[in-house]
Amino acid sequence: MACDKVCLTGYFGVDCKQTCQCAIPGCNRTNGVCIRSGCEAGWEGLSCDKECDIGTYGKDCKYTCNCATPGCDVTSGNCIVSGCALGWQGPNCNRVFRIHDKGEGVNTTLDYVTSVSYNK
């Protein structure tokens with residue numbers, strides 16, 4: 001590609017051969033840094049060029065997996081090996097399992113709390 005051509009949206013670098021993983025399409029056509037709002041699910045970094053580490057997932061890799069066996073899908077958070085870590089429930093193991101006692105402990109109810117994301 002000649003130096004006078006502009007890369008299409010979503011591509012950058014020499015000959016526009018590298019792809020951006022930005023949440024909202026559009027990155028600097030030279031260095032790949034996202035122009036707007038962070039990375040697509042499963043990616044992190046200024047250029048969204050680093051896949052989530054094992055144990056993290058989602059947009060900018062800001063969510064933690066709570067799988068019994070380490071590792072989850074970097075996009076959805078679903079456990080690669082089925083099963084949640086102790087104390088976690090739900091399809092993505094993102095709900096805390098807690099027991100609350102009412103009064104003298106006679107009535108016990110189950111309560112699910114959505115997990116919070118951790119800032120990196």
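The rules behind each value
- The numbering scheme is per chain: residues are counted from 1 as the chain's sequence reads.
- Totals for whole chains, interfaces and linings use every residue, but because this is a predicted model, local features are given only for residues with pLDDT of at least 70 and side-chain atom pairs only at 80 or more, for both listing and counting.
- Only hydrogens and water are removed before side-chain values are computed, so all heavy atoms of the structure are retained for them.
- Helix and strand assignments follow DSSP, with helices taken as H or I runs no shorter than four residues and strands as E runs no shorter than two, numbered in order from the N terminus.
- Burial here depends on accessible area, computed with a 1.4 Å probe over protein chains only, as a share of the maximum for the residue type. Under 20% is buried, over 50% is exposed, and the range in between is partly exposed.
- Should any heavy atoms of two residues lie within 4.5 Å, those residues are counted as being in contact.
- Shrake-Rupley sampling with a 1.4 Å probe provides the accessible areas, and residues are treated as covered by the protein chains on show and by no other component.
- Salt bridges are defined by distance alone: a side-chain nitrogen of Lys or Arg within 4 Å of a carboxyl oxygen of Asp or Glu.
- Here a polar contact is recorded for every N or O atom pair within 3.5 Å, except that within protein the pair must consist of a potential hydrogen donor and a potential acceptor, and residues adjacent in sequence are included only if both atoms are side-chain atoms.
- By nonpolar core we mean a set of buried residues, namely Ala, Val, Leu, Ile, Met, Phe, Trp, Tyr and Cys, connected to one another through side-chain atoms within 4.5 Å.

**Student:** How should I be thinking about the overall build of the protein chain in this particular structure?
**Tutor:** Scanning the protein chain from terminus to terminus reveals 0 helices and 9 strands. Across the protein chain, helices and strands are ordered from the amino to the carboxyl terminus as β-β-β-β-β-β-β-β-β. Considering the protein chain as a whole, with its 120 residues, one finds that 28% of them fall into the buried category. Looking at the protein chain alone, contacts between residues at least 24 apart form 10% of all its contacts between residues at least 6 apart. Taken as a whole, the protein chain presents about 7,900 Å² of accessible surface, with 53% of it coming from carbon and sulfur.

**Student:** Teacher, can you tell me more about the pattern of salt bridges here?
**Tutor:** When the charged atoms of two side chains lie near each other, side chains of opposite charge can form a pair. Throughout the structure, instances matching the rule amount to 2 salt bridges. The partner of Glu44 in a salt bridge is Lys50, with the nearest N and O atoms 3.1 Å apart. Across the pair Asp53 and Lys50 runs a salt bridge whose closest N-O atoms are separated by 2.8 Å. Put simply, Glu44, Lys50 and Asp53 are held in one network by salt bridges that share partners.

**Student:** Please clarify how the environment of Ser47 should be interpreted in this entry.
**Tutor:** Along the chain, the position of Ser47 falls in the loop between β3 (43–44) and β4 (50–51). A sequence separation of 16 residues divides Ser47 from Asn31, and the C-alpha atoms of the two residues are 7.4 Å apart. A distance of 3.2 Å separates a polar atom in the side chain of Ser47 from the backbone oxygen of Asn31.

**Student:** Teacher, can you tell me more about the nonpolar core here?
**Tutor:** Considering soluble globular proteins, one finds that nonpolar side chains tend to be buried as a cluster. Counting residues in hydrophobic clusters, the biggest one holds 7 residues: Phe12, Cys20, Cys22, Cys27, Cys34, Cys39 and Cys48. Setting aside residues no more than four positions away along its own chain, Cys20 makes contact with Gly10, Tyr11, Phe12, Cys27 and Gly32. Formed by 6 residues, the second largest nonpolar core is a distinct cluster that contains Cys67, Cys72, Cys79 and Cys93.

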